[in-house]
Amino acid sequence: MSRFVRQPGAEGHAGALELFYDLVFVFAVTQVSHLLLDHLTWEGVGQSALVLLVVWWAWNYTTWVTNELDLDAVPVRLMLIAVMLASLLMAVAIPDAFGDDGLLFAGSYVAIQVGRHLFLAFVVADAGTIERERAVQILVWFVAAGVFWIGGAAVEGSTRTVLWLVALVIDYNGPAFLYRLPGRPRLDHTTWTVSAGHFVERFELFIIIALGESIVITGATTTELNRDAPTLAAFALAFLGSAALWWIYFNYAARMAERRMELAEDRTKLARDAYTYLHVVMVAGIIVAAVGDELVIAHPTEELPGREVAAVVAGPAIYLLAQALFRLRMAGTVSWKRLGGALACVAVGFVGTFADAVVVLALVVAVLVTVIGLETVSGARRRRRGELAPLERLNTQVDPLS
């Protein structure tokens, strides 16, 4: 048996401690967006992507852990607070992670991953249990990656980047290979227990964190400028764009996804693919969109350079593409409206070669609103034909894991 775990069948909701923990990642996401804004080059994009993947992996693993643990247990609370402190140090180091703060960044990350799983293996899990075996195998993968994280921090330039990329490959391949180790018992998907309601809610909250950061950056940028008509127009469009991104996710997709998770016979695999891997792409799209919003608000009546136009259109395009992939994995169907919206955003980029920034942003927002409108019309037509909506059909099915 293992200690400090949730009671069987207890779905629950995100607790106050988890919400408190998420505050660190509001700051971390802001740091990533500022890193990208300050280094809007191919190298800067690559560095920002790497840093985002590290931030995501730290948050994601903690979410998998808290999905199983009893957060009212004092040792669990102390562990999570310690992880918060290390996460805050990691976030502080983000702006100069590829410079003088490399060791603080990488060391904090390794401390999060290794420390958390030492706790799981030797405090939470009892000897001889599958929970200890699982925690130990994951711990070995984290230690192996940690060698490259710390090794990369000890060097500079391209060598650091290469070593950190190797570490990232090890980290991100762990779930895909179920942390297989030679000579150790094989884990399978039944080794994990996923409480669908709590798990889905946690990832939805991270989407809210990313969208909240875009609202903050929009407001902060506007505060520092003369609030003339073009600036206020850009501000309003940026807000409407963020609202549209929220609508696209939470209007229907989130409820469908939660129900499919409840009905899935293999929740662990579905959770890994649709949430652990795909949701970070959505977050990346939101961050890039926030950077584009700031650029437009700062220069609404100017023609932006190509790389800045790319930021304005790429963020929503990445987000819509991720949404389409999410639906494909969750439902096995293609969302042509969202794929078409992603392509339309890319096409808007060509307008940016001769149009003012505020016009480009207006067209991007128009694309997002069109996607929402087409999906709303499609649902209305289905209701007029007397057909059950996909969610209604799912609600008639029985949860095989209940």
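Below or above, wherever it landed, is the structure these notes cover. (Residues numbered from 1 in each chain as written. Predicted model: local features only at pLDDT ≥ 70, side-chain atom pairs only at ≥ 80, totals over all residues. Heavy atoms only, no water.)

Secondary structure summary: the chain contains 14 helices and 0 strands in total. Its helices and strands taken in sequence order, the chain reads α-α-α-α-α-α-α-α-α-α-α-α-α-α from the N to the C terminus. Its C-alpha atoms give the chain a radius of gyration of 22 Å, within 12% of the compact-globule value 21 Å for 402 residues. A principal-axis box enclosing the C-alpha atoms of the chain has dimensions of 65 × 60 × 35 Å. Relative to its full complement of 402 residues, the chain shows a buried share of 52%. Sequence separation of at least 24 residues holds for 79% of the intrachain contacts in the chain that already meet a minimum separation of 6. (Helix = DSSP H or I, 4+ residues; strand = E, 2+ residues; numbered from the N terminus. Rg over C-alpha atoms; globule rule 2.2 N^0.38 Å. Buried < 20%, exposed > 50% of the residue type's maximum accessible area, 1.4 Å probe, protein only. Contact = heavy atoms within 4.5 Å.)

The next thing to look at is the side chain of Thr268. As for its position among the elements, Thr268 is in helix H9 (residues 267-277). Judged by relative accessible area, Thr268 falls into the buried class, the value being 8%. In contact with Thr268, other than residues within four places in its own chain, are Trp64, His189, Trp192 and Val194.

For helix H6 (residues 157-173), which comprises 17 residues, the first-to-last C-alpha distance of 25 Å matches the rise-based estimate of 24 Å (1.5 Å per residue) to within 8%. On its buried side, H6 packs onto helix H2 (42-66), helix H4 (102-124), helix H5 (130-153) and H9. (Expected span 1.5 Å × (residues − 1).)

The next point concerns the nonpolar core. In this structure, Trp56, Phe105, Trp149, Met261 and Tyr275 are the most contacted members of the largest nonpolar core, which totals 122 residues. When residues of this core are assigned to their parent elements, the largest contribution, 12 residues, is made by H2. Setting aside residues up to four positions removed in sequence, Phe105 forms contacts with Val51, Val54, Met90, Ala93, Ile94, Ala97 and Trp164. If you look at the next biggest cluster of nonpolar residues, it comprises 6 residues, including Leu36, Val291, Leu295 and Ala311. (Core = buried A, V, L, I, M, F, W, Y, C linked by side-chain atoms within 4.5 Å.)

All right, on to the packing of H2 against helix H7 (residues 196-223) then. Contact geometry of H2 with H7 gives a least axis separation of 10 Å together with a crossing angle of 155°. Comparing the axis directions of H2 and H7 gives the class roughly antiparallel. Both H2 and H7 take part in a crossing whose hand is right-handed. Residues Trp56, Trp59, Asn60, Thr63, Trp64 and Thr66 of H2 touch H7, and the partners they reach there are His198, Phe199, Arg202, Phe203 and Phe206. Of the residues belonging to the contact of H2 with H7, the class tally is 6 nonpolar, 4 polar and 1 charged. (Axes fitted to C-alpha atoms, helices over the stretch in contact; angles between N-to-C directions. Parallel < 35°, antiparallel > 145°, perpendicular 65-115°, else oblique. Left-handed = near helix turned anticlockwise from the far one by under 90°. Nonpolar A, V, L, I, M, F, W, Y, C, P; charged D, E, K, R; others polar.)

Bringing the pattern of salt bridges into the picture now. With the rule as written, the count across this model stands at 8 salt bridges. A salt bridge links Arg77 to Asp72; its shortest N-O distance comes to 3.3 Å. Judged by its relative accessible area of 59%, Asp72 falls in the exposed class. Of the charged contacts, one joins Asp273 and Arg272 as a salt bridge, the two residues approaching to 2.8 Å between their closest N and O atoms. Neither Asp273 nor Arg272 differs from the other in exposure class; each is buried. (Salt bridge = Lys/Arg side-chain N within 4 Å of Asp/Glu carboxyl O.)

The next subject is unusual backbone geometry. Of note in the backbone geometry, Leu178 takes a positive phi value of approximately 55° without being a glycine. Tracing the chain through its elements places Leu178 in the loop between H6 and H7. The residue Tyr179 is not glycine, and still its phi comes out positive at about 55°. With respect to the helices and strands, Tyr179 occurs in the loop between H6 and H7.

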